[in-house]
Amino acid sequence: MSILQQLKNAVRQRSIHVCYVNTGSCNGCDIEILACLAPKYDIEQYGIYVHNNPREADVILITGGMSPQWIDKLPDLWDRVPEPKAVVTIGNCPISGCVFNRPGTLIDPPVSKYIPVTAAVPGCPPRPSEIISAILGAADILFKDYEVHQKEKEGSVKK
Amino acid sequence: MKKVVDVSLPVGPIHPCFKEPCRIKCETRGERVVTTEVELGYVKKGIEKIMIGRPWQETIFLAERVCGICSVVHNTVIVEALEKISGITVPRRAELLRLILNELDRIQSHLLANYSYCYTIEHETLGMYLLNLRETAMDSIEMMTGTRIMAAYVVPGGVREDLSADNAAKILEATYHIETELKRFVKMFETGPMIGLRSKGIGVLSMEDALASGVVGPTARASGLSRDARKDDPLYIEMGWHMITRTESDNYARIMLRFDELFQSLTLIRNGIAALEPGKIRNGGEMKAGRIKHTIEAPRGDLTYEIEIDSAGQVVYVSIQTPSIPNIEVATHAMMKNLASAADVTSTFISADPCIACAER
């Protein structure tokens, strides 16, 4: 492994930019993400920054079970996120729709139908500590040796 | 008349200042924002539609998930409506526990609203102080109900769990902690020169506009209107509740009014805990058919549920009127008009404490 790659791995481990997208949740998960910012949980000590700007995000947190307005907008938003990127869904809604997935509803879960999902945190809502551990866990696997994996992928396509 | 507009500036749906997605279209002339328009519909789930035709037991959990910030009050209002239909009485201890939990919920909601405002005007230090103080209130809620949000604590006939004397003492301790800390933060907000520049005289909602628009909650009370559903509640009057209003009617007044209400909520919790007497926490009863309209004061204003259930226990009709609907409208049409800077759009909008999930359901 090159020195540059080692440096990239070390930097990416402690610099994760997060954007949260509410695709029809009830706010419960969103304010648990906000609670992570509080000095009690202090998400920034792990190098996670909540910017809420998709153009500079590494990890997109999705709460909510896909309301009709988001069906065309979410793939667009996903395209605008620079590589390497990952999606972590928070709460039951993106997985199954939770209590809203009943006859007469407008939402259309799961979110994985529309964009690739890396990790999911179940719970209605999950605790802040679970959200932090999920982001850290997913980011470590995804962003480590990202370039090496990309080259391997490209090589296999050419062959 | 032809409007002279330079740029149409969209804000959102994903924006660093917003907790929830919504789009504000601003028409600007130079730096001045002439008019704004709020575009909603990003979190519409159709909760009322899902509720119809389901047994009333399920609607309690659905009502709780209308809004994650003020889930306790949605739970309380639907349960009180169902109790009124069937004539179920609630023991006094349960009533007091409901009051204590509702006021704890109001504390965390108001602290979150003020955090959002401080964050929007780029005063992150004070925002983080307030957010950290909110965790004390959340810990008290967790101690009382067993979970942070979506507790389903209020059940027909009473409450789900009793509050032990140890936990009551801990909540009492938490209220004193919040009070001492909050006094410092209020002083910081009152005397901060930069905060004053960004808040005073901006987003003014005059009393005439407020009267005409039907605005509710802290936004109405900051404009001098005495609108609060708690004034009709004998238990709140007994616990020493009184109407708080302010007359400046700008962003500063709305935030300061929430700080004033926080101190009142702390007093109410203390009085509630002092009045607790040992006894039953839940009465029995039988559900009957009927229709009722019930209003209580949510952290953001009057919350009304109109619900009808048939003899089989199914919900036939339900309509939820949340406080954010008039508040968002009045923010668009009265407060965010003729603002001096585009930066004031988000701060004025946040100062009305809009809850998009409540408004769209």
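See the structure above.
Scope of this entry: the structure provided in the associated data block.

The next point concerns the overall build of chain A. Each helix and strand counted, chain A has six helices and five strands in total. Each helix (α) and strand (β) of chain A, taken in turn from the N terminus, gives the series α-β-α-β-β-α-β-α-β-α-α. For 159 residues, the compact-globule estimate of 2.2 N^0.38 gives 15 Å, and chain A sits close to it at 16 Å. Considering only C-alpha atoms, chain A reaches an extent of 55 × 45 × 25 Å along its principal axes. The proportion of buried residues among the 159 residues of chain A is 52%.

Evaluated as defined, the whole model comprises six aromatic pairs over all chains. Arranged with centres 5.7 Å apart and planes meeting at 35 degrees, the rings of B:Tyr115 and B:Tyr119 form a pair that is tilted. One end of the pair, B:Tyr115, and the other, B:Tyr119, are both in helix α4 (residues 92–120), four residues apart, so they sit about a helical turn from each other. Residue classification places B:Tyr115 among the buried residues on the basis of a relative accessible area of 2%. By way of ring pairs, the aromatic residues B:Tyr117, B:Phe189, B:Tyr252 and B:Phe259 are connected into one cluster. Note that A:Lys85 overlies the ring of A:Trp78, its terminal NZ or CZ placed 4.4 Å from the centroid. The ring of B:Tyr236 is capped by B:Arg230, whose NZ or CZ atom sits 5.8 Å from the centre of that ring.

In this section: the interface of chain B and chain A. At the interface, 41 residues of chain B touch 42 residues of chain A. In total, about 3400 Å² of surface goes out of reach between chain B and chain A, with carbon and sulfur atoms giving 62% of it. In terms of surface lost to chain A, no three residues of chain B exceed B:Ile14, B:Tyr42 and B:Lys45, which account for 19% of the buried area on that side. Summed over the shared surface of chain B and chain A, the result is four salt bridges. At the level of elements, α1 (47–51), α2 (56–64), α4 and α5 (124–145) of chain B are the ones that each hand at least two residues to the side of chain B that touches chain A. A total of seven residues in the side of chain B that touches chain A trace back to one element, the largest contributor, which is α5(B). Classifying every residue of the side of chain B that touches chain A by side-chain character gives 23 nonpolar, five polar and 13 charged.

To continue, consider the packing of α4(B) against α5(B). Residue and element names in this part refer to chain B. Interhelical geometry of α4 versus α5 gives an angle of 160 degrees and a closest axis separation of 8 Å. It follows from the interaxial angle that α4 and α5 lie roughly antiparallel. Judged by the sense of rotation from one axis to the other, the crossing of α4 with α5 is left-handed. Across the contact of α4 with α5, the residue classes break down as 19 nonpolar, five polar and three charged.

Every buried residue belonging to α2(B) is among B:Trp56, B:Thr59, B:Ile60, B:Leu62, B:Ala63 and B:Glu64, and all of these are buried. If you follow the buried residues of α2(B), they end up packed against α1, α3 (71–86), β7 (301–309) and β8 (315–321) of chain B.

Moving on to the state of the cysteines. Summed over the entire model, instances satisfying the criterion amount to zero disulfides over all chains. Note on A:Cys29: no disulfide assigned, nearest cysteine sulfur contributed by A:Cys26 at a separation of 6.2 Å. Of the cysteine sulfurs around B:Cys67, a residue in no disulfide, the closest is that of B:Cys70, at 3.3 Å. We classify B:Cys67 as buried; its relative accessible area is 0%.

So, on to the nonpolar core. Core analysis: the largest hydrophobic core is formed by 149 residues, its most contacted members being B:Ile24, B:Phe189 and B:Phe349. Here the element with the most residues in this core is α4(B); it accounts for 13 residues. Discounting chain neighbours no more than four positions away, the residues touching B:Phe349 are B:Phe18, B:Cys22, B:Ile24, B:Val38, B:Ile328, B:Ala331, B:Met336, B:Pro354 and B:Ile356. By size, the runner-up hydrophobic cluster in this structure holds 16 residues, among which are A:Cys19, A:Ile62, A:Trp70 and A:Leu74.

The next thing to look at is the pairing of strand β3 (residues 32–39) of chain B. Residues and elements named next belong to chain B. In terms of strand pairing, strand β2 (residues 23–29) meets β3 through seven bridges, oriented antiparallel. Each residue of the ladder has a partner; that of Arg29, found in β3, is Arg32. From the end of β2 to the start of β3, which pair antiparallel, there are two residues, and Gly30 there has a positive phi angle of about 65 degrees.

All names here are of chain B. With six bridges joining them, β7 and β8 adopt antiparallel strand pairing. In the strand pairing of β8, Ile307 is matched with Val318. Taken together, β7 and the strand that follows it, β8, pair antiparallel across an intervening segment of five residues, in which Gly313 is found at a positive phi of about 90 degrees.

All names here are of chain B. Closest axis-to-axis distance for the helix α6 (residues 165–191)/helix α11 (residues 251–275) pair is 10 Å, and the angle between their directions is 160 degrees. Classed by the angle they form, the pair α6 and α11 counts as roughly antiparallel. The chirality of how α6 crosses α11 is left-handed. Counting all contacts with α6, which are made through Ala168, Ile171, Leu172, Thr175, Tyr176, Ile178, Glu179, Leu182, Lys183, Val186, Phe189 and Glu190, the residues of α11 involved are Tyr252, Ile255, Met256, Phe259, Leu262, Phe263, Leu266, Ile269, Arg270 and Ile273. Class assignment for the residues of the contact of α6 with α11 results in 17 nonpolar, one polar and four charged.

Within the structure shown, the criterion is met by 30 salt bridges over all chains. Between A:Arg127 and B:Glu142 there is a salt bridge, with its nearest N and O atoms 3.0 Å apart. With A:Arg127 in the loop between β5 (119–121) and α5 (128–143) and B:Glu142 in helix α5, this pair bridges two chains. According to the relative accessible area criterion, A:Arg127 is partly exposed, its value standing at 31%. Relative accessible area serves as the criterion here: at 22%, B:Glu142 is assigned to the partly exposed category. One salt bridge connects B:Glu179 with B:Arg270, and the closest N-O pair in it is separated by 2.5 Å. Residue B:Glu179 is located in helix α6, and its partner B:Arg270 is located in helix α11; the two are separated by 91 residues in the primary sequence. Each member of the pair B:Glu179 and B:Arg270 is classed as buried.

Procedures and definitions
Residues numbered from 1 in each chain as written. Chains lettered and ligands numbered in written order. Predicted model: local features only at pLDDT ≥ 70, side-chain atom pairs only at ≥ 80, totals over all residues. Heavy atoms only, no water. Helix = DSSP H or I, 4+ residues; strand = E, 2+ residues; numbered from the N terminus. Rg over C-alpha atoms; globule rule 2.2 N^0.38 Å. Buried < 20%, exposed > 50% of the residue type's maximum accessible area, 1.4 Å probe, protein only. Phe/Tyr/Trp six-rings, centres within 6.5 Å; stacked < 30°, edge-to-face > 60°. Lys NZ or Arg CZ within 6 Å of the ring centre and 35° of its normal. Contact = heavy atoms within 4.5 Å. Buried area = accessible area lost by both parts, 1.4 Å probe. Salt bridge = Lys/Arg side-chain N within 4 Å of Asp/Glu carboxyl O. Nonpolar A, V, L, I, M, F, W, Y, C, P; charged D, E, K, R; others polar. Axes fitted to C-alpha atoms, helices over the stretch in contact; angles between N-to-C directions. Parallel < 35°, antiparallel > 145°, perpendicular 65-115°, else oblique. Left-handed = near helix turned anticlockwise from the far one by under 90°. Disulfide = S-S within 2.5 Å. Core = buried A, V, L, I, M, F, W, Y, C linked by side-chain atoms within 4.5 Å. Pairing = 2+ DSSP bridges.

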